[in-house]
Amino acid sequence: MKDIPQLDWATLPFGYQKTDYNVRCTFTDGKWGEPEVSESETINIHMAATALHYGQEIFEGLKAFRGVDGKVRIFRLEENAKRIRESAKGLCMEPVPEELFRKMIIKVVELNARFIPPYGSGASLYIRPFEIGMTASVGVRKAVDYLFMVLVSPVGPYFKTGYAPTKICIMREYDRVAPKGTGRWKVGGNYAASLSAGERAHALGYSAVLYLDPKDKKYLDECGPANFFAIKDGVYITPESESILPSITNMSFQQLAADHGLEVQCRHITVDELESVQEAAACGTAAVASPVGEIDDLDTGKKYIIAKDGKPGPVTTMLYNHLRAIQHGEEPDIYGWNTVLDI
Ligand code: PLP
Ligand code: COI
């Protein structure tokens, strides 16, 4: 094996870092081929491919962690395998068989083992599977050929502040998805549609946009590239919506919250209700749990100060610590969430 790369693991940003290999598989003539290992960072794509013109692109995000016992744990890959199949159905793409997904994820992690950040560094190996439509077409129609690939990159925290309360904002001028649109799938176009709102929020000093439901603009939806949850009088509340991505991190927190005696409510949350919550957070693979200290409604001028002492709340911290402990093998994985590799 090659040397351990000389990276400053503790200060890694959440970004792309070249690694040794990626893994690719094509769907042609009605069947998936054999996965191939590649050292190339580029792909060869027809200039008229449906991915480029009509947005047939879906992706996933998951992480591998080096544990306290030296083993590597990939978190809930079966859930990502299911979700990318749902996204594929949503965009009339070819669903990747779960076993192929699993095999390719394990392969790419094993091949890039030297890039898995050491235990205790706070960093992890981000795994980015994605699928694109490859067939040349000028008419609007689905592709018949697809490419499914997995790349990895060692990453640090998504929000620059790390585990500290951030400020987010509500802006009714923008929606990232339509009421019965693509929000429930992990589709590249959703992120393109969020860029202008995100840029504006960043320019104003906010770390993310808290989107409202696109139909009534009344209920909280999700928080940039993450779900939203709040803690209110010992209850874990999180939005129920057709236009948000079903977050695997949120699903895991709901389980952990219930296990630690909290009631869990998945329901509509009005903007006004922010007045009475004690804690709030953005949650996702990249964000893990990022405490939200303040939410500014830029349309009404109202500021919801959640973290009154400027510190992450106790329940959010408890959930965050348990999740991280399971991911790093410090606590028993009673639900079998981890795929453990001895590499
Ligand atoms: N919502 C959006 C829009 C996302 O991009 C993500 C990230 O994957 C999430 C929520 C969180 O989902 P998960 O916890 O499965 O990473
Ligand atoms: C993730 O949390 O995995 C994401 O996909 C978020 C973002 C980087 C798109």
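Structure: above.
The structure reproduced in this document is the subject of the present report. This structure is a prediction, so every number in the text was calculated from the model and none was measured.

Some details on the overall build of the protein chain
Alright, step 1. When you go through the protein chain residue by residue, the secondary structure sums to 7 helices and 18 strands.
Alright, step 2. Taken over the C-alpha trace, the protein chain has a radius of gyration of 20 Å; the compact-globule value for 343 residues is 20 Å, and the two agree within 12%.
Alright, step 3. Viewed in the frame of its principal axes, the protein chain has a C-alpha envelope of about 55 × 50 × 35 Å.
Alright, step 4. Within the protein chain, the proportion of its 343 residues that are buried is 53%.
Alright, step 5. Expressed as a percentage of contacts within the protein chain between residues at least 6 apart in sequence, the contacts between residues at least 24 apart total 72%.
Alright, step 6. Summing over all exposed atoms, the protein chain offers an accessible surface of approximately 15400 Å²; the carbon and sulfur share of this is 53%.
Alright, step 7. When the 38 basic and 45 acidic side-chain charges of the protein chain are each reduced to a single mean position, those positions are 2 Å apart.

Description of the site of ligand 1
Alright, step 1. Around ligand 1 sit 16 residues in total, of which Y191, E222, S247, T249 and T285 are the nearest.
Alright, step 2. In this structure, an oxygen atom belonging to ligand 1 sits 2.5 Å away from a side-chain N or O atom of Y191.
Alright, step 3. With respect to ligand 1, the side chain of T249 contributes an N or O atom lying 2.5 Å from an oxygen atom.
Alright, step 4. Listed by contribution, the elements that provide at least two residues to the shell around ligand 1 are α6 (248–259) and β15 (279–284).

Details of helix α2 (residues 77–90)
Alright, step 1. The end-to-end C-alpha distance of α2 is 20 Å, a good match for the 20 Å that 14 residues give at a rise of 1.5 Å each.
Alright, step 2. Phi turns positive, to about 55 degrees, at C92, one or two residues after α2.

Thoughts on the packing of α6 against helix α7 (residues 314–327)
Packed helix pairs are specified by the crossing angle of their axes together with the interaxial distance, meaning the distance between the axes.
Alright, step 1. With their axes 10 Å apart at the nearest point, α6 and α7 run at an angle of 110 degrees to one another. Judged by the inter-axis angle, α6 sits roughly perpendicular to α7. Along the contact surface, α6 presents T249, S252, F253, L256 and A257, while α7 presents L319, Y320, H322, L323 and I326.
Alright, step 2. Here the residues of the contact of α6 with α7 sort into 7 nonpolar, 3 polar and no charged.

Examining the side chain of D213
Alright, step 1. Mapped onto the fold, D213 is located in the loop between β10 (208–212) and β11 (220–223).
Alright, step 2. Buried charge D213 goes without a salt bridge, the closest partner of opposite sign being K215 at 6.9 Å.
Alright, step 3. Engagement of the side chain of D213 in a polar contact is seen with the backbone nitrogen of D216, the distance being 2.7 Å.
Alright, step 4. Reaching out from D213, the side chain makes a polar contact with the backbone nitrogen of K218 at a distance of 2.8 Å.
Alright, step 5. Sequence-distant contacts of D213, defined by excluding residues within four places in its chain, comprise K218, Y219 and D221.

A few points about the site of ligand 2
Alright, step 1. Around ligand 2, the neighbouring residues are F14, F59, G61, Y126, R128, Y158, K186, Y191, P225, T285 and A286.
Alright, step 2. One of the side-chain N or O atoms of Y126 is found 2.7 Å from an oxygen atom in ligand 2.
Alright, step 3. For ligand 2, an oxygen atom lies 2.7 Å from a polar atom in the side chain of K186.
Alright, step 4. Alone, ligand 2 offers 280 Å² of accessible surface; in the complex the protein occludes 90% of this.
Alright, step 5. Residues of the shell around ligand 2, tallied by class, amount to 7 nonpolar, 2 polar and 2 charged.
Alright, step 6. Both of domain 1 (9–155) and domain 2 (166–327) provide at least three residues apiece to the shell around ligand 2.

Topic: the pattern of salt bridges
Alright, step 1. Summed over the entire model, instances satisfying the criterion amount to 17 salt bridges.
Alright, step 2. For the salt bridge of K89 with E86, the shortest nitrogen-to-oxygen distance reads 3.4 Å. Note that K89 and E86 are positioned in helix α2 at a spacing of 3 residues, about one turn of the helix.
Alright, step 3. Judged by relative accessible area, which is 42%, E86 ranks as partly exposed.

Concerning the packing of aromatic side chains
Alright, step 1. Enumeration according to the criterion identifies 11 aromatic pairs in this entry.
Alright, step 2. Aromatic side chains F101 and F148 sit 5.9 Å apart centroid to centroid with 25 degrees between the ring planes, which places their arrangement in the stacked category. In this pair, F101 is assigned in helix α3 (residues 98–111) and F148 in strand β8 (residues 146–155), connecting sequence segments 47 residues apart. Pair check on accessibility: F101 and F148 agree, each one buried.
Alright, step 3. Taken together through their ring pairs, the aromatic side chains of F14, Y126, Y158 and F159 make up a single cluster.
Alright, step 4. A cation sits over an aromatic face here: R176 above Y191, 5.2 Å from the ring centre.
Alright, step 5. A cation over an aromatic ring shows up here: K302 above the ring of Y304, its NZ or CZ 5.3 Å from the ring centre.

As for a nonpolar patch on the surface
Alright, step 1. A cluster of nonpolar side chains, namely Y54, V138 and V140, defines an oily patch on the protein surface of about 340 Å² accessible area.
Alright, step 2. The topology assignment puts V140 in the loop between β7 (124–133) and β8.
Alright, step 3. Exposure remark for V140: the relative accessible area of 72% places this residue in the exposed category.

Some details on the environment of P129
Alright, step 1. Checked against the element boundaries, P129 lands in strand β7.
Alright, step 2. Through-space distance from the C-alpha of P129 to that of N22 is 9.8 Å; in sequence the pair is 107 residues apart.
Alright, step 3. The residues contacting P129, other than those within four sequence positions of it, are I58, F59, E60, G61, L62, F101, I105, F148, M149 and V150.

Rules used in this analysis
Residues numbered from 1 in each chain as written. Chains lettered and ligands numbered in written order. Predicted model: local features only at pLDDT ≥ 70, side-chain atom pairs only at ≥ 80, totals over all residues. Heavy atoms only, no water. Helix = DSSP H or I, 4+ residues; strand = E, 2+ residues; numbered from the N terminus. Rg over C-alpha atoms; globule rule 2.2 N^0.38 Å. Buried < 20%, exposed > 50% of the residue type's maximum accessible area, 1.4 Å probe, protein only. Contact = heavy atoms within 4.5 Å. Areas by Shrake-Rupley, 256 points an atom, 1.4 Å probe, with all protein chains shown as cover. Lys, Arg positive; Asp, Glu negative; His and termini not counted. Charge placed at Lys NZ, Arg CZ, Asp CG, Glu CD. Near = heavy atom within 4 Å. Polar contact = N/O pair within 3.5 Å; in protein donor to acceptor, adjacent residues only side chain to side chain. Expected span 1.5 Å × (residues − 1). Axes fitted to C-alpha atoms, helices over the stretch in contact; angles between N-to-C directions. Parallel < 35°, antiparallel > 145°, perpendicular 65-115°, else oblique. Nonpolar A, V, L, I, M, F, W, Y, C, P; charged D, E, K, R; others polar. Salt bridge = Lys/Arg side-chain N within 4 Å of Asp/Glu carboxyl O. Domains from an automatic or database assignment. Phe/Tyr/Trp six-rings, centres within 6.5 Å; stacked < 30°, edge-to-face > 60°. Lys NZ or Arg CZ within 6 Å of the ring centre and 35° of its normal. Patch = residues over 30% accessible without salt bridge, like charges linked within 9 Å, V, L, I, M, F, W, Y side chains within 5 Å.

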